[in-house]
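Residue strings, one per chain:
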Amino acid sequence: MAKNTSLYFRIVEGRNLPAKDVSGTSDPYCLVKIDNEVVARTATVWKNLNPFWGEEYTLHLPMGFHTLSFYVIDEDTIGHDDVIGKVSLSKETIAAQSKGLDNWMNLTRVDPDEEVQGEIHLGLELLRDGPRMALRCHVIEARDLAPRDISGTSDPFARIIFNNHSAETSIIKKTRFPHWDELLELELEAEELPEEKCVMLEVWDWDMVGKNDFLGKVEIPMACLQRTPLLQGWFRLLPLGNTEDDAGGKLGALRLKIRLVEDRILPSMYYQPLIDLLVESVISPAEVEDTTPLTMLEEVTTVESRQDVAMTLVKIYLGQGLVVPFLDYLNTREVHQTSDPNTLFRSNSLASKAMEQFMKAVGMLYLHEVLKPIVNRIFEEKKYIELDPCKIELNRTRRISFKGSLSEAEVRESSLELLQAYLSDIMASIMSSVAQCPPVMRVAFKQLHKRVEEQFPEPENEDVKYLAISGFFFLRFFAPAILTPKLFNLRDLHADTRTSRTLLLLAKAVQSIGNLGLQLGHGKEQWMTPLHPFILRSVGSVRDFLDKLIDIDNDNVPEAHQRAVFLPSVTVKEGYLHKRKAEGGQLLPRFAFKKRYFWLSSEALSYAKTPDWQVRSSIPIQRICAVERVDENAFQQQNMMQVITQDNDGQLHTMYIQCKNVNELNQWLSAIRKASIYNERMLPSFHPGAFRSGRWTCCLQSDRTVLGCSRTHSAVTLGDWSDPLDPDAETQTIYKQLLQGRDMLRKQYLECVDAETAMDEEERRHSPRMPPDGVQRSRKFHERRMAAAARLLDVVQDLERAHLAFERREKEEAANEILSP
């Protein structure tokens with residue numbers, strides 16, 4: 001049974017940070033670490049002691065983790081960045097909050113003795129030979145130790161301590177992956193073995209000048225050794241122990257939202273009955289009012305969980321090839337239950353959320369193709385644009401004119417011209433993109449158009465069928481992407497203040513166009529009036545575009561298009577990276593790394609000199625067996641990764657690639673890991689260093705073929721729209737949601753006395769004015785509701801029993817391992 005750990009965190013904002021610059025401010029950014037491995041870096045907020053970031057991430061960590069840490073750092077253009085403080089949370093602290101954390105947390109000081117990491121491989125044995133007793137420690141190796149020296153390595157040695165006795169290993173220079181393979185022995189007397197004492201194993205970085213640096217410790221109670229005389233395995237290194245909690249709030253605070261989801265994933269056969277019920281809901285729906293597993297699922301979801309549930313359902317139905325019938329089912333119910341067309345899809349219903357998540361799942365590459373060139377240009381040009389007279393800052397306009405500051409009227413005129421130019425390009429790109437839009441998305445919109453037209457056929461509601469589509473297409477897809485490009489992976493960093501304002505104005509205009517100009521003049525922002533003529537001129541084009549968008553034959557959309565989030569031939573990530581030349585062993589970094597343009601699809605990782613270069617080198621995805629970070633010490637370069645492949649003869653080959661920043665590194669690592677996640681020959685370990693001058697720079701081994709000295713992280717990925725479909729994990733999410741709402745469903749549908757009473761009361765209430773066949777239909781309707789609920793709750797109960805059985809089996813196996821010699 002597989003175990004999955006997903007960690008969601010949002011870095012919202014900071015407050016009352018200390019000033020680190022001579023200007024009396026700071027330039028803060030956040031660095032996020034999982035067990036001391038950097039997984040994210042926020043944008044820098046310049047000259048601000050109360051920064052807002054609003055950045056969110058989801059990490060999939062199948063191996064679990066111990067600690068999540070957020071470091072707030074002041075960026076300096078000259079010299080080293082200054083660490084302001086950190087918030088560090090254990091996995092246990094996060095897991096204790098089932099609904100997640102959403103708090104302000106004070107920053108603590110960063111103590112070097114607390115910044116430990118890594119593990120040590122030990123064998124510990126208590127020897128008894130008559131009156132003579134000894135404690136023997138086999139210090140084998142360590143991995144992923146903290147770098148304490150300027151070279152990015154350490155000079156580690158280990159020391160065992162018990163009851164005033166101690167012994168030390170030799171010092172191994174310049175490595176974070178030392179191999180000692182040494183025996184340390186302490187001679188003891190019988191009276192020196194009190195059970196309450198602990199054997200301490202410490203790891204230190206040796207320094208020629210000054211005191212040694214602490215690298216971590218392991219504590220093993222003597223009582224444990226007396227019960228099990230021989231202990232052997234990998235032990236996590238622990239810090240000394242922080243005595244100061246939060247520095248009294250003097251370092252400021254972070255507002256964080258964190259949620260941990262841990263799941264045991266059962267074999268597929270256990271989820272099939274729930275899948276069958278979900279499929280049955282959409283392929284053979286009886287009447288719109290009927291209760292189905294989907295309607296019951298919506299009843300037990302909260303507003304907070306509905307988006308996650310919607311995305312999970314979209315992936316399940318994509319995997320089944322039924323995403324269009326699924327959306328049609330939800331949309332039909334939503335349309336049928338709406339009496340006022342002005343309120344259609346205005347709530348955060350399951351139908352609305354499912355459409356949003358569906359567009360992200362199947363349309364993100366399309367969105368990038370349409371918007372990315374224009375968004376990049378807006379970021380590069382950094383024009384000052386403002387229409388609101390209350391927000392115009394004339395001193396910012398000097399660059400626009402050589403004659404000095406412009407007047408307010410001139411700023412508005414210039415801004416209007418620039419906005420119209422950007423809007424024209426955006427709308428032209430969208431209007432000409434019918435052929436680029438994924439066919440499955442077009443079919444979903446066609447079905448939506450049909451349902452709305454059936455429900456609101458009146459001439460005065462002619463626009464409703466267009467508004468239903470444009471409300472999703474423009475208001476919930478394109479406009480949010482224009483407003484916050486980073487959240488849609490259109491940009492690596494957030495926009496600066498000036499660009500952000502331009503994007504906001506453009507997003508407002510696109511929303512108005514998506515609303516077909518019906519809300520113009522009714523809002524408070526009358527300063528947007530100069531844009532109204534352009535918006536109104538665009539409305540006709542939008543109607544024509546939507547007519548073309550839904551002009552598609554359903555039969556021409558193959559099922560395969562619905563089964564995959566992206567097709568094999570589609571590029572899921574691309575961009576310039578620096579590749580290290582294979583023969584560049586002795587070259588200086590500037591000559592050893594060559595700029596190349598990379599493409600990643602689910603079939604191959606390819607690269608060439610430029611995007612237009614005809615000759616490409618290509619690595620088949622199925623040959624990739626590890627994608628990992630590279631230690632800075634390997635090439636004295638930051639933000640490097642390695643792609644390890646295996647040829648037909650079983651030989652391993654490594655390609656080293658440098659990214660421009662840690663976020664780009666994490667995105668490429670995640671993307672390549674997702675593409676290769678189902679490969680069969682993945683390596684369990686790797687070398688974080690490089691083989692240079694006859695040895696590995698990480699563990700100093702001289703054998704090039706020796707097993708890797710660190711564990712691989714092949715399934716650690718960033719959660720986003722390109723996640724592979726995983727039906728078992730997705731169905732487990734739905735099961736947990738139903739399990740939480742089981743009591744409510746049982747009370748509402750299955751408590752027989754109440755259900756029968758409700759039917760009888762309804763019959764009595766309607767009998768005088770309802771014909772006999774109507775009463776019969778009412779009773780049958782309630783009977784169908786009860787039967788549907790009973791089937792669903794039976795499936796949930798079966799899954800619960802299966803989970804409990806697997807959990808008992810795991811505990812029994814663990815107990816047997818402890819008892820076995």
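About the cut-offs
Residues numbered from 1 in each chain as written. Predicted model: local features only at pLDDT ≥ 70, side-chain atom pairs only at ≥ 80, totals over all residues. Heavy atoms only, no water. Salt bridge = Lys/Arg side-chain N within 4 Å of Asp/Glu carboxyl O. Helix = DSSP H or I, 4+ residues; strand = E, 2+ residues; numbered from the N terminus. Buried < 20%, exposed > 50% of the residue type's maximum accessible area, 1.4 Å probe, protein only. Pairing = 2+ DSSP bridges. Contact = heavy atoms within 4.5 Å. Core = buried A, V, L, I, M, F, W, Y, C linked by side-chain atoms within 4.5 Å. 1 Å grid on protein atoms, 1.4 Å probe; cavity = no way out; pocket = protein on both sides within 12 Å on 5 of 7 lines; lining within 4 Å. Points joined across faces, edges and corners; volume = space filled by probe spheres on them. Phe/Tyr/Trp six-rings, centres within 6.5 Å; stacked < 30°, edge-to-face > 60°. Polar contact = N/O pair within 3.5 Å; in protein donor to acceptor, adjacent residues only side chain to side chain. Expected span 1.5 Å × (residues − 1). Bend = angle between axes of the 7 residues up to and from the residue. pLDDT = per-residue confidence, 0-100. Axes fitted to C-alpha atoms, helices over the stretch in contact; angles between N-to-C directions. Parallel < 35°, antiparallel > 145°, perpendicular 65-115°, else oblique. Left-handed = near helix turned anticlockwise from the far one by under 90°. Nonpolar A, V, L, I, M, F, W, Y, C, P; charged D, E, K, R; others polar.

**Quick look at the pattern of salt bridges**
Move 1: Summed over the entire model, instances satisfying the criterion amount to 38 salt bridges.
Move 2: We note a salt bridge from Arg259 to Asp308, for which the minimum N-O separation is 2.9 Å. Of this pair, Arg259 sits in strand E16 (residues 253-265) while Asp308 is found in helix H5 (residues 303-320), placing the two residues 49 residues apart along the sequence.
Move 3: A salt bridge links Asp723 to Lys674, with the nearest nitrogen and oxygen atoms 2.6 Å apart. Note that Asp723 is positioned in the loop between strand E28 (717-718) and helix H17 (727-740) and Lys674 in helix H16 (residues 662-675), a separation of 49 residues in sequence.
Move 4: For Asp723, a relative accessible area of 9% corresponds to the buried category.
Move 5: The class for Lys674 is buried, based on a relative accessible area of 8%.

**Quick notes on the sheet that holds E28**
Move 1: Within the open sheet, the five strands sit side by side as E7-E16-E1-E4-E28. Their pairing is antiparallel. Each of the sheet's edge strands pairs with one partner strand only, and the pair in question is strand E7 (101-106) and E28.
Move 2: Bridge count between strand E4 (residues 52-60) and E28: two bridges; the pairing is antiparallel. If you follow His60 over to E28, its bridge partner there is Thr717.

**Section: the side chain of Gln357**
Move 1: With respect to the element layout, Gln357 can be found in helix H7 (residues 350-381).
Move 2: Residue class for Gln357 comes out buried when judged on its relative accessible area of 5%.
Move 3: Residues contacting Gln357, with those up to four places away along its chain left out, are Gln307, Ala310, Met311 and Val314.

**Structural notes on the nonpolar core**
Move 1: Leu313, Phe326, Phe358, Leu371, Phe445 and Phe473 are the most contacted members of the largest nonpolar core, which totals 120 residues.
Move 2: For this core, the leading source of residues is H7, giving 17 residues.
Move 3: Each residue touching Phe473, except ones within four places of it in the same chain, is listed here: Met359, Tyr366, Ile430, Met441, Phe445, Phe478, Phe545 and Leu549.
Move 4: With 32 residues, the next largest nonpolar core counts Leu7, Phe9, Ile11 and Ile34 among its residues.

**What to know about empty space enclosed by the protein**
Move 1: Scanning the model with the defined rule gives two cavities of 30 Å³ or more in all.
Move 2: If you add up the space inside the largest cavity, you get close to 90 Å³.
Move 3: The wall of the largest cavity is formed by Glu37, Val39, Leu59, Arg629, Asn666, Leu669, Ser670, Arg673, Val716, Thr717 and Leu718.
Move 4: If you list the elements that add at least two residues to the lining of the largest cavity, you get strand E3 (37-41), H16 and E28.
Move 5: No other element matches the four residues that H16 contributes to the lining of the largest cavity.

**Section: the packing of aromatic side chains**
Both the distance between ring centres and the angle between the ring planes are used here to describe each pair of aromatic rings.
Move 1: Across all of its chains, the model carries 20 aromatic pairs by this definition.
Move 2: Centroid distance Phe473 to Phe545: 5.5 Å. Interplanar angle 45 degrees. Geometry classified as tilted. With a gap of 72 residues between them, Phe473 in helix H10 (residues 464-483) and Phe545 in helix H12 (residues 532-549) connect regions that are remote in the sequence. Here Phe473 matches Phe545 in class, with each residue buried.
Move 3: When the ring of Phe691 is compared with that of Trp696, the centres are 5.4 Å apart and the planes differ by 70 degrees; the resulting orientation is edge-to-face.

**Notes on the side chain of Ser281**
Move 1: Mapped onto the fold, Ser281 is located in helix H3 (residues 268-283).
Move 2: Polar contacts involving the side chain of Ser281 include one to the main-chain carbonyl oxygen of Leu277, which spans 3.0 Å.

**Description of H7**
Move 1: With 32 residues, H7 extends only 40 Å from end C-alpha to end C-alpha; this falls clearly short of the ideal 46 Å at 1.5 Å per step.
Move 2: Along H7, the sharpest change in direction is near 75 degrees and occurs at Gly363.
Move 3: With 23 of its 32 residues buried, H7 lies for the most part within the structure.
Move 4: Positive backbone phi, at 50 degrees, marks Lys382, one or two positions downstream of H7.

**A short note on the confidence of the model for the chain**
Move 1: Chain-level pLDDT for the chain is 86 on average; 89% of the residues reach the 70-or-more range.
Move 2: By mean pLDDT, helix H13 (residues 559-563) is the weakest element of the chain at 43, and strand E21 (residues 624-629) is the strongest at 96.
Move 3: Under a pLDDT of 50 for its full length, residues 559-567 has, in the predicted model, 29 contacts with residues more than four places off or in other chains.

**Overview of the pairing of strand E10 (residues 156-162)**
Strand residues, when the strand is regular, have side chains that alternate between the two faces of the sheet.
Move 1: Judged by how many residues are buried, E10 sits mostly within the fold: five of seven residues are covered.
Move 2: Two elements, E10 and strand E13 (residues 198-205), share six bridges in a ladder whose sense is antiparallel. Looking at E13, one finds that Ala158 is bridged to Val203.
Move 3: Of the pairings in the sheet, the one linking E10 to strand E11 (residues 165-168) comprises four bridges and is antiparallel in character.

**Focus: H3**
Move 1: Between its terminal C-alpha atoms H3 stretches 21 Å, which fits the 22 Å expected from 16 residues at 1.5 Å a residue.
Move 2: Of all the residues in H3, the buried ones are Tyr271, Leu274, Ile275, Leu277, Leu278, Val279, Ser281 and Val282.

**Side note on the packing of H3 against H17**
Move 1: The geometry of H3 relative to H17 is characterised by a closest axis approach of 10 Å and an angle of 60 degrees between their N-to-C directions. In terms of orientation, H3 lies oblique with respect to H17. The way H3 lies across H17 gives a crossing that is left-handed. Where H3 abuts H17, its residues Ser268, Tyr271, Leu274 and Ile275 lie against Asp728, Thr731, Gln732, Ile734, Tyr735 and Leu738.
Move 2: When the residues that make up the contact of H3 with H17 are grouped by side-chain class, the tally is six nonpolar, three polar and one charged.

**Overview of the environment of Asp113**
Move 1: Within the secondary structure layout, Asp113 lies in the loop between E7 and strand E8 (119-129).
Move 2: The class for Asp113 is partly exposed, based on a relative accessible area of 27%.
Move 3: Taking the C-alpha atoms as reference points, Asp113 and Asp213, 100 residues apart in sequence, are found 7.7 Å from one another.
Move 4: With residues near it in sequence (within four places) discarded, Asp113 still touches Phe214, Pro239 and Leu240.

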